[in-house]
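Each chain, written out:
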Amino acid sequence: MLYSDLFGKTRHNPPCDADSINAKLLTQAGFIEKLAAGIYNLLPLGYRVFNKINNIIEGEMDAVGGQRLLMPALHPIDIWKVTGRDRTMDDVLYRTHASGDKEFVFGPSHEETVTPLACKYIQSYKDLPLTVYQIQTKFRDEPRAKSGLLRGREFGMKDMYSFHVSEDDLDEYYEEVKQAYLNVYKRCDLKVHVIEASGGPFSDKFSHEFSVETPIGEDTVIVCEKCGTAQNLEIAEGKVANPDEKEEKELPLEEVDVERGFSVEDNAKAHNVPEYKILKSVVYEIEDEGLIGVVIRGDLNVSEVKLENYLKKRIRSASPETLKEMGLVQGYISPVNIPKNIKISFIGDHSIKNVKNFVTGANAHAKDYKNVNLARDFVIKDFTDLVEVKSGFECAKCNKPLKEIKAVEVGNIFKLGTRYSEAFGLNYTDKDGKLKPVVMGCYGIGNTRLIGTIVEVYHDDNGIVWPLGVAPYHAHIVSLGNDKSVTDKSMKLYKDLVDSGVEVLYDDRDESPGVKLNDADLIGIPLRLIVSKRTLEKDGVEWKERSSDKASDVKFVDLMEKVTKFISK
Ligand code: ATP
Ligand code: MG
């Protein structure tokens, strides 16, 4: 491609509303152009990168037996009502009306289309296993579309769905797909953490997220640097360091008057104790049920996802109004001597078992208890792990310290089980003649998010540094000066390289060397070849790889072989 012909050029300044490195560099270098918040045009350079990524994904999905198809983006609302996701995903659904008052949604995901589609073709165990996938645009009304291609309202996804006779068969296939995913990211030169994440509030199973560490990442991931375990903060398990209180004696319970704020910090200050000595009760409303209080050490937080998984119910923080209505005194709630007429049950996090002489509220305004001890002063029937793990906890597997990192999720795979097949009546007749629900898995990769992620990882002060496997072109020829010998030779080199299968962008513009070299750095093509009067005197080009500071002279006679070797790395 001749740069002078290319649609989408570099810009001198980044767009003023670019809120991330990828938005800034991709726009400035002419890969993308924003239409509205979270909605982008992919210009020819960006589209080439997109295609490279898609080809990698397609190759790996085909290799695990996936058959590519294309499902509609526009869905009748009725299929979303079948699973109830018209309600549970209501906040992100784009809805529209067709003539005759029919309601449609723009697909944010395709379980609701693929399952009834599979019903048409899966009847017997002989039709299984089966895997189909598509590379398609998704629509989600994200409340905060941001960070360029990382969080769009219209974005690209590869979504794949597999259908099995049994959980065992799904389990085996799931591992194959996990490996295929790792191959995809490796070919994009991305180092991913495979993260155990929640399978959703009604599932005992994990899902796996594939996440790339980067400061702009919205997810907090807990990793053990020793054994490599990576867990989503929401469900991470770890051991909290316990205070050494073996010698401490249980002191008599005391009720005291106090003037303090509501926070644990205020509480600890008022009583001059460390925060872990505060017995904290966090109150939630359980969907269609009453209140539950989680009792946890003051220096720790409750993982609401762990709580939902434990209760198998959705929860939400109890509002100050609800607390008041139920007779609870905000800031002073505790399981100690709680009036019998208050309808609340308490559940304990294991962390409260190792501390003596807690301080906690006395269920009355401006009154606290000191020297509160489990069993003697209050009883908790249910204990479970409800703590949100943080840096400093120890790895549950190898006891080494855990740390928190910021990461962006570039893929997610789930064992769906029979949730969707039961909703749509996707059954098969087994060898024994019995009708059974099909077991499903689903597997997503954010392909537009991948473009943004690669730029977040691969850039420097001068621009993007594309890894070869996803770069828009392999080589960037830059001719310096207007000398006819230079332009003729550059054009010949361009044609020769293209004829040999090298993907080349040739900057043939009549611009100053400064402008052309800066643009080449900004665009970030892996190999830059300069042709100038100086290089022609040596009968060759200046060779510089974008990822290195070193430049060297290469003679034309050696060039083809060297380039071929470079692009087949
Ligand atoms: P997130 O937690 O980041 O909102 P998600 O878990 O809702 O993502 P999935 O439903 O698992 O997303 O979708 C599969 C993949 O699609 C994600 O792993 C991510 O790479 C990509 N993706 C999801 N939402 C977006 C978005 N708004 N913009 C770009 N890519 C997205
Ligand atoms: Mg996800």
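The rules behind each value
Residue positions are counted from 1 within each chain, in the order its sequence is given. To label them, take the chains in the order written and letter them from A, then take the ligands in the order written and number them from 1. Restriction of local features to residues with pLDDT of at least 70 applies here, the model being predicted, together with a cutoff of 80 or more for giving and counting side-chain atom pairs; totals for whole chains, interfaces and linings are based on all residues. Only heavy atoms go into the side-chain values, all of them from the structure, while hydrogens and water stay out. Ligating atoms shown are N, O and S within 2.8 Å of the metal, or 3.2 Å for Na, K and Ca, and water is not included, meaning a site may look less than complete. Each residue gets one of three labels from its accessible area relative to the maximum for its type: buried under 20%, exposed over 50%, partly exposed in between, using a 1.4 Å probe on protein chains only. Numbered from the N terminus, helices here are DSSP runs of H or I no shorter than four residues, and strands are runs of E no shorter than two. Expected span of a helix, by definition, is 1.5 Å for each gap between consecutive residues, and there is one gap fewer than residues. Should any heavy atoms of two residues lie within 4.5 Å, those residues are counted as being in contact. Definition of nonpolar core: a set of buried residues of the types Ala, Val, Leu, Ile, Met, Phe, Trp, Tyr and Cys, connected through side-chain atoms within 4.5 Å. These domain limits were set by an automatic method or by a database of domain assignments. When DSSP finds two or more bridges between two strands, those strands count as paired. Lines fitted to the C-alpha atoms define the axes, with helices restricted to the stretch that makes contact. Angles between their N-to-C directions range from 0 to 180 degrees.

## Digging into the coordination of the magnesium ion (ligand 2)
Looking at the metal site, the magnesium ion (ligand 2) is ligated by E409 (OE) and N412 (OD1), spaced 2.2 to 2.3 Å from it. Among the residues examined, E409 registers a relative accessible area of 22% and is labelled partly exposed. Exposure remark for N412: the relative accessible area of 13% places this residue in the buried category.

## Here we look at helix α12 (residues 484-499)
Residues lying three or four places apart along an α-helix face the same way, a consequence of the helix completing one turn every 3.6 residues. Its 16 residues give α12 an end-to-end C-alpha distance of 22 Å, which sits within 8% of 22 Å, the value for a rise of 1.5 Å per residue. Where α12 is buried, its residues touch β29 (475-479), β30 (504-507), β31 (527-531), α14 (533-537), β32 (540-545) and α15 (556-567). With its phi angle positive at about 90 degrees, G501 sits one or two positions after the end of α12.

## Brief notes about the nonpolar core
Counting 52 residues, the largest nonpolar core has L26, F31, Y181, Y185, Y443 and W466 as its most contacted members. It is helix α6 (residues 167-187) that provides the largest number of residues to this core, a total of eight residues. Looking at which domains feed residues into this core, each of domain 1 (3-73 + 108-212 + 408-455) and domain 3 (473-567) gives three or more. Discounting chain neighbours no more than four positions away, the residues touching Y181 are M61, K158, F210, G411, N412, I413, Y443, G444 and I445. Within the second largest apolar cluster, 21 residues are counted, among which are L2, L527, V531 and W543.

## Points about the sheet that holds strand β19 (residues 358-364)
The strand order across the open sheet formed by three strands is β14-β20-β19, and the pairing between neighbours is antiparallel. The outermost strands of the open sheet, each flanked by one partner alone, are β14 (254-257) and β19. Neighbour to neighbour, the strand axes of the sheet diverge by 35 degrees on average, direction disregarded. Across four bridges, the pairing between β19 and strand β20 (residues 367-372) is antiparallel. Directly across from T360, in β20, lies its bridge partner Y369.

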